[in-house]
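These are the residues of each chain, in order.
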Amino acid sequence: GPPAPERVLFPPTFSVSEIKNKQRRHFMFLRWKQQQRKEKLAAKKKRRKEREALGDKAPPKAIPKTIENQRVYDETTVDPNDEEVAFDEATDEFAPYFNRQTVPKILITTSDRPRGRTVRFCEQLATVIPNSHVYYRRGLALKRIIPQCIARDFTDLIVINEDRKIPNGLVLSHLPDGPTAHFRMSSVRLRKEIKRKGKEPTEHVPEVILNNFTTRLGHSVGRMFASLFPHDPQFIGRQVATFHNQRDYIFFRFHRYIFKSEKKVGIQELGPRFTLKLRSLQKGTFDSKFGEYEWIHKRREMDTSRRKFHL
């Protein structure tokens, strides 16, 4: 018989990125996204219908995969019943605080000659952390400040660094023996920049919430934050300081809650808010030259997977 007709080879699937005209490419991309959204919604509707039809026999809902629940296992994740951890915590630099032998007293200072925004941020931070005192540095080296702090019974030193008038770093040093943590600071919002904020915070000691500090390193950092605040929160003030760790970014928020009824709770954000990313953890107090580091964030070596987290 006659030879079989040759199969026509169509070009491989057309890609929007091949369109040379930028406006047209953007338009086509939006149309393609819209189409995707439609298909997704249709699939969702179909699944819902099937579930309703099956009623009680419907399979359990699938848990969506997230970066967090697919996290690469970290061998230093702390088991709360671990004896070794219990021993470490009983003997670490924060033990005197947790055993109630010391009362937190914090010095908040800045990089040399701070500008307006950093000054306001320090003032607002001092209303969040009870028993904290702001000192503006004029040319005095940190190495000189630390012995003075220790002599005056300060338990912690916070240094806010800035770049082009914007606060961009936080150093937290636990006195007298360390450790010292360096954080990159971003997304700083002062009180007046927060929408629907509550009235000024009161003098009450806030509650402190630490979320997701699961590894040994995370534990150390969480203990550092905890030890900035006095032990017994005054619940009557209904103020909460939250350090929420997600993917190694530590989000700080300061809220007041209000019971609207027995079931409903309203929250107001008081501010300020900011985000921290741990750069390094140093044994001892601040020492940029000869400090011994427990941990340094080395991006190229450590961030091998998007699902690997250190805190």
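All of these numbers come straight from a predicted model, not from anything done at the bench. Counting from 1, residues in each chain are numbered in the order their sequence is written. In keeping with the predicted nature of the model, local features appear solely for residues at pLDDT of at least 70, side-chain atom pairs appear and are counted solely at 80 or more, and the whole-chain, interface and lining totals rest on all residues. The basis for the side-chain values is all heavy atoms of the structure; hydrogens and waters are excluded.

**Comments concerning the overall build of the protein**
1) Next: A count of helical and extended segments in the protein gives 7 helices and 11 strands.
2) Next: Compactness check: the protein gives a C-alpha radius of gyration of 26 Å against a globular reference of 19 Å for 311 residues, more than 25% above the reference.
3) Next: If one aligns the C-alpha atoms of the protein with their principal axes, the spans along those axes are about 105 × 50 × 45 Å.
4) Next: The buried label goes to any residue with under 20% of its type's maximum accessible area, the exposed label to any with over 50%, and the partly exposed label to all in between, with areas taken from a 1.4 Å probe on protein chains only. Relative to its full complement of 311 residues, the protein shows a buried share of 37%.
5) Next: Taking as baseline every contact in the protein between residues at least 6 positions apart, the subset at least 24 positions apart corresponds to 65%.
6) Next: Here the protein displays about 21000 Å² of accessible surface, and carbon together with sulfur accounts for 52% of that area.
7) Next: Here Asp and Glu are counted as negative and Lys and Arg as positive; His is not counted, and neither are the chain ends. Throughout, a charge is located at the NZ atom of Lys, the CZ atom of Arg, the CG atom of Asp or the CD atom of Glu. Charge separation in the protein, taken as the distance between the mean sites of 62 positive and 37 negative side-chain charges, equals 13 Å. Comment: elements are numbered from the N terminus, with helices defined as DSSP H or I runs of at least four residues and strands as E runs of at least two. In this setup the radius of gyration rests on C-alpha atoms only. A globule is expected at 2.2 Å times the number of residues raised to 0.38. The contact rule is simple, with two residues in contact once any of their heavy atoms fall within 4.5 Å. Per-residue and other accessible areas were derived by the Shrake-Rupley procedure at a 1.4 Å probe size, with only the shown protein chains allowed to occlude residues.

**As for a nonpolar patch on the surface**
1) Next: Surface patches are drawn from residues lacking salt bridges whose relative accessible area is over 30%; two like charges belong together within 9 Å, two nonpolar side chains (Val, Leu, Ile, Met, Phe, Trp, Tyr) within 5 Å. Note on definitions: salt bridges are taken to be side-chain nitrogens of Lys or Arg within 4 Å of carboxyl oxygens of Asp or Glu. Among the surface-exposed residues, Phe29, Leu30 and Trp32 lie close enough to one another that they form a single nonpolar patch of about 290 Å² accessible area.
2) Next: Tracing the backbone shows Leu30 in helix H1 (residues 22-54).

**With respect to the domain arrangement of the protein**
Many analyses report the size of an interface as the accessible area lost when the parts associate.
1) Next: With domains assigned, the protein is organised as domain 1 (16-56) and domain 2 (70-303).
2) Next: Source of the domain bounds: an automatic or database domain assignment. When each unit is reduced to the centre of its C-alpha atoms, the spacing between domain 1 and domain 2 is 44 Å.

**Considering the packing of helix H2 (residues 83-91) against helix H6 (residues 216-226)**
1) Next: Whenever a helix is involved, its axis is fitted only over the stretch in contact; in every case the axis is a line through C-alpha atoms, and angles between N-to-C directions fall within 0 to 180 degrees. Closest axis-to-axis distance for the H2/H6 pair is 12 Å, and the angle between their directions is 30°. Between H2 and H6, the crossing angle belongs to the class labelled roughly parallel. The crossing of H2 and H6 is right-handed. Contact with H2, carried on its side by Glu84, Val85, Asp88 and Glu89, involves Arg216, His219 and Arg223 of H6 and no other residues of that element. Angle categories: roughly parallel below 35 degrees, roughly antiparallel above 145, roughly perpendicular from 65 to 115, and oblique for all the rest. The handedness criterion is simple: a crossing whose near helix is rotated anticlockwise from the far helix by less than a right angle is left-handed, and one whose near helix is rotated clockwise is right-handed.

**Describing the environment of Arg223**
1) Next: By the secondary structure assignment, Arg223 is in helix H6.
2) Next: Between the C-alpha atom of Arg223 and that of Ala95, which follows or precedes it by 128 residues, the distance is 9.5 Å.
3) Next: A distance of 2.8 Å separates a polar atom in the side chain of Arg223 from a polar atom in the side chain of Asp92. By the criterion applied in these results, polar contacts are pairs of N or O atoms within 3.5 Å in which, for protein atoms, one can donate a hydrogen and the other can accept it, and in which residues neighboring in sequence qualify only through two side-chain atoms.

**A look at the nonpolar core**
1) Next: Among the buried residues, those of types Ala, Val, Leu, Ile, Met, Phe, Trp, Tyr and Cys that are joined through side-chain atoms within 4.5 Å form a nonpolar core. Ranked by internal contacts, the top residues of the largest apolar core, which has 36 residues, are Ile158, Phe183, Phe225 and Ile250.
2) Next: Those residues in contact with Ile250 that lie beyond four places of it in its chain are Phe183, Phe213, Val221, Phe225, Phe243, His244, Asn245, Phe274, Thr275, Leu276 and Leu311.
3) Next: Core analysis: the next-biggest nonpolar cluster, separate from the first, contains 12 residues, Leu107, Ile145, Phe154 and Val171 among them.

**Side note on the UniProt feature "domain: Brix" (unreviewed entry) in the protein**
1) Next: UniProt positions are given in the numbering used here, feature names are shortened, and annotations may be inferred rather than shown by experiment. Per the UniProt annotation, the sites labelled "domain: Brix" (unreviewed entry) are residues 104-287.
2) Next: End C-alpha to end C-alpha, residues 104-287 measures 22 Å, and it is 18% helix and 41% strand.

**Thoughts on H6**
1) Next: Burial runs high along H6: 8 of the 11 residues are buried.
2) Next: For H6, every residue scored as buried is listed here: Leu217, Gly218, Val221, Gly222, Arg223, Met224, Phe225 and Ala226.

**Overview of the pattern of salt bridges**
1) Next: Enumeration over the complete set of coordinates arrives at 11 salt bridges.
2) Next: In this structure, Arg117 and Glu193 form a salt bridge, with 2.7 Å as the shortest nitrogen-oxygen distance. Of the two residues, Arg117 sits in helix H4 (residues 116-128) while Glu193 sits in the loop between strand E5 (180-189) and strand E6 (207-211), which places them 76 residues apart along the sequence.
3) Next: Members of the salt-bridge network, linked through shared partners, are Glu89, Asp92 and Arg223.

**A closer look at the packing of aromatic side chains**
1) Next: Geometry of aromatic contacts follows a simple scheme: Phe, Tyr and Trp rings, the Trp one being its six-membered ring, pair when their centres are within 6.5 Å, and the pair is stacked under 30 degrees between planes, edge-to-face over 60, tilted otherwise. Taken as a whole and judged by the stated rule, the model has 10 aromatic pairs.
2) Next: An angle of 10° between the planes, with centres 4.2 Å apart, marks the rings of Phe225 and Phe243 as stacked. Pair noted here: Phe225 is in helix H6 and Phe243 is in strand E7 (residues 239-246), with a separation of 18 residues, a long-range link.
3) Next: On the accessibility criterion, Phe243 (4% relative accessible area) is buried.

**What about the pairing of E5?**
Within a regular strand, side chains alternate between the sheet's two faces.
1) Next: For two strands to be treated as a pair, DSSP must find no fewer than two bridges joining them. Two strands pair when backbone bridges link them, and strand E4 (residues 166-174) and E5 are joined in this way by 5 bridges, in the antiparallel orientation. Along E5, the bridge assignment pairs Leu172 with Ala181.
2) Next: The turn joining E4 and E5, which pair antiparallel and follow one another in sequence, is formed by 5 residues; a positive phi near 90° is taken by Gly178.
3) Next: In this structure, E5 lies alongside strand E10 (residues 273-282), joined through 8 bridges in antiparallel fashion. Opposite Ser186, over in E10, you have Thr275 as the bridge partner.

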